[in-house]
Amino acid sequence: MTPGRVALKVDCDTDEGTREGVPRLLSILEARGIRATFFFTLGPDRSGLAIRRIFTRKGFLRKMLRSRAASLYGWRTMLSGTLLPAPMIGERRAGAMRAAAKAGHATGVHGWDHVRWHDRLDAMSAEEIREDYGRAHAEYLRIFGIPARASAAPGWTANARSLEAQEERSLLFASDTRAGSYFFPEAGGRVFRTLEIPTTLPTLDETLAWPDLKTDADRRAYFRRAARGTQVHTIHAEVEGRSKAGLFEGILDDWLADGVAFPLLSDLAREVLAHHDLIPVRSLTTTTLPGRAGTVATGWPEAAGAA
Ligand SMILES: [Zn+2]
């Protein structure tokens, strides 16, 4: 069997994850000679508001208890923006963000206010979305000195209005969706020309809720088998960079032993865009995923259940 390729996408959602998780991930990746693409949330960390979902979203409490969210994410993160004031992540953690770029990793935008976007996108007007997205890009420009060429929607939450805001930037690609292959999204009667590269593998935190994977050894075996063909794997600075760092290192070592390669998402984008005519147009819709509360955006709903 030819070894697969796994593009690592690192979502940094919180202040604590960016402060602690990013440096930890940088050393884990450097020790193995692996490059990844880091997406940074740049505005207020209101992740403590996620607690609100206990009351507003069916299944969230069950998931929290099953995944032991507090030990996974840390109490400080759970309380940020509720009992503790919401820290501005870009202002406080620019150093950790620049360190990722300096170490040779690719970087992009993962939103301004992650919690608001994830919970409220469909209730936000086109103007509110453009402003939120624009603030994230302005802060990225301030920190890195060059405009972002890629973005990843918080919580894989996207709609026609968010794609419109995205289309106004000259991005090389976006990674807003789950499952399937690359595509140009169609939404609200418009075909967008920003290439979409979906996350294809389940996230580690999703697999923690799968009843058939009982131990970390089961999870390592699952991810080892899953690295066939070309895959995009999203990890979280809050999870793989903190409480699950050891398990993540095991997964990487299995992949390295099998000869898996780690292209950047921008490498995949350039490969695909070289054959522009072959990129399919797919309708943007939503789906659910095993182990994840709520819905996520997808262009390939038929592929979402296959994980
Ligand atoms: Zn995120």
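Conventions we followed
Residues numbered from 1 in each chain as written. Predicted model: local features only at pLDDT ≥ 70, side-chain atom pairs only at ≥ 80, totals over all residues. Heavy atoms only, no water. Helix = DSSP H or I, 4+ residues; strand = E, 2+ residues; numbered from the N terminus. Buried < 20%, exposed > 50% of the residue type's maximum accessible area, 1.4 Å probe, protein only. Contact = heavy atoms within 4.5 Å. Areas by Shrake-Rupley, 256 points an atom, 1.4 Å probe, with all protein chains shown as cover. Donors = N, O, S within 2.8 Å, 3.2 Å for Na, K, Ca; no water. Tetrahedral: all angles 85-135°; square planar, octahedral: opposite > 155°, others 65-115°. Salt bridge = Lys/Arg side-chain N within 4 Å of Asp/Glu carboxyl O. 1 Å grid on protein atoms, 1.4 Å probe; cavity = no way out; pocket = protein on both sides within 12 Å on 5 of 7 lines; lining within 4 Å. Points joined across faces, edges and corners; volume = space filled by probe spheres on them. Nonpolar A, V, L, I, M, F, W, Y, C, P; charged D, E, K, R; others polar. Pairing = 2+ DSSP bridges. Arc of directions from axis to C-beta. Axes fitted to C-alpha atoms, helices over the stretch in contact; angles between N-to-C directions. Parallel < 35°, antiparallel > 145°, perpendicular 65-115°, else oblique. Left-handed = near helix turned anticlockwise from the far one by under 90°. Core = buried A, V, L, I, M, F, W, Y, C linked by side-chain atoms within 4.5 Å.

Draft legend 1. Summary view of the overall build of the protein chain. The helix and strand inventory of the protein chain stands at 15 helices and eleven strands. Across the 307 residues that make up the protein chain, the buried fraction comes to 57%. In the protein chain, the proportion of contacts linking residues at least 24 apart, taken out of those at least 6 apart, comes to 74%. With the model as given, the accessible surface of the protein chain reaches about 13100 Å², and the carbon-plus-sulfur share is 52%.

Draft legend 2. Molecular detail of the coordination of the zinc ion. In this structure, Asp13 (OD), Asp13 (OD), His110 (NE2) and His114 (NE2) serve as the protein donors to the zinc ion, at separations of 2.1 to 2.8 Å. Considering all four donor atoms around the zinc ion, the spread of angles at the metal, 50 to 138°, places the coordination shape in the irregular class. Donor residues for the zinc ion, ordered by position in the chain, follow D-x96-H-x3-H. With Asp13 in the loop between β1 (5-12) and α1 (15-32) and His114 in helix α7 (residues 114-120), the pair connects residues that are 101 residues apart, well separated along the chain. Exposure class is identical for Asp13 and His114. Each is buried.

Draft legend 3. Broad picture of the pattern of salt bridges. As enumerated under the stated definition, the model contains 23 salt bridges in all. Residues Arg32 and Glu249 are paired through a salt bridge, measuring 3.6 Å at the closest nitrogen-oxygen approach. One end of the pair, Arg32, is in helix α1; the other, Glu249, is in helix α13 (residues 245-257), with 217 residues separating them in the sequence. Overall, Glu249 belongs to the partly exposed group, its relative accessible area being 26%. If you follow the salt bridges from partner to partner, you end up with Glu16, Arg19, Glu20 and Arg242 in one network.

Draft legend 4. Representation of empty space enclosed by the protein. Scanning the entire structure with this criterion turns up two cavities of 30 Å³ or more. Along its surface, the second largest cavity is lined by Val109, His110, Gly111, Trp117, Tyr133, Ser151, Ala152, Ala153, Pro154, Ser162, Gln166 and Asp176. Its residues assigned to classes, the lining of the second largest cavity comprises six nonpolar, five polar and one charged.

Draft legend 5. The arrangement of the pairing of strand β11 (residues 292-298) in detail. By the bridge criterion, four bridges tie strand β10 (residues 285-289) to β11 in an arrangement that is antiparallel. The residue bridging Leu289 from the neighbouring strand is Arg292, located in β11. What sits between β10 and β11 in their antiparallel hairpin is a turn of two residues, with Gly291 showing a positive phi close to 90°.

Draft legend 6. Looking closely at helix α14 (residues 265-273). If you check which residues of α14 are buried, you get Leu265, Ser266, Leu268, Ala269 and Val272. Seen end-on, α14 carries its buried residues on one side only, within an arc spanning 155°. Next to the buried residues of α14 lie β1, β2 (37-40), β5 (173-174) and β8 (230-236).

Draft legend 7. Spotlight on the packing of helix α11 (residues 216-226) against α13. Two elements in contact, α11 and α13, have axes separated by 9 Å at closest approach and are oriented at 40°. With respect to α13, the element α11 is oriented oblique. Crossing of α11 against α13: the hand is right-handed. Contact residues: Asp216, Arg219, Arg220, Phe223 and Arg224 in α11; Leu247, Gly250, Ile251, Asp254, Trp255 and Ala257 in α13.

Draft legend 8. Local environment of the environment of Pro280. Its place among the elements puts Pro280 in the loop between α14 and β9 (281-283). Along the chain, Pro280 and Phe184 lie 96 residues apart, while their C-alpha atoms are 6.2 Å from each other. Dropping the residues within four chain positions of it, Pro280 is found in contact with Tyr182, Phe183, Phe184 and Trp300.

Draft legend 9. Just the sheet that holds strand β6 (residues 184-187), in detail. The three strands are arranged β7-β6-β9 in an open sheet whose pairing can be described as mixed. Every interior strand has two partners, whereas the edge strands, β7 (190-191) and β9, have only one. For β6 and β7, the ladder comprises two bridges, and the chain directions are antiparallel. Along β7, the bridge assignment pairs Ala187 with Arg190.

Draft legend 10. Representation of the nonpolar core within the structure. In this structure, Leu8, Phe38, Phe40, Leu42, Leu252 and Trp255 are the most contacted members of the largest nonpolar core, which totals 44 residues. Only β1, α1, β2, α6 (89-102), α8 (126-144), α11 and α13 provide two or more residues apiece to this core. Of the residues forming this core, the biggest block, six residues, is contributed by α13. Leu252 has contacts with Leu8, Ile28, Leu29, Arg32, Ile34 and Phe262, leaving out every residue within four places of it along the chain.

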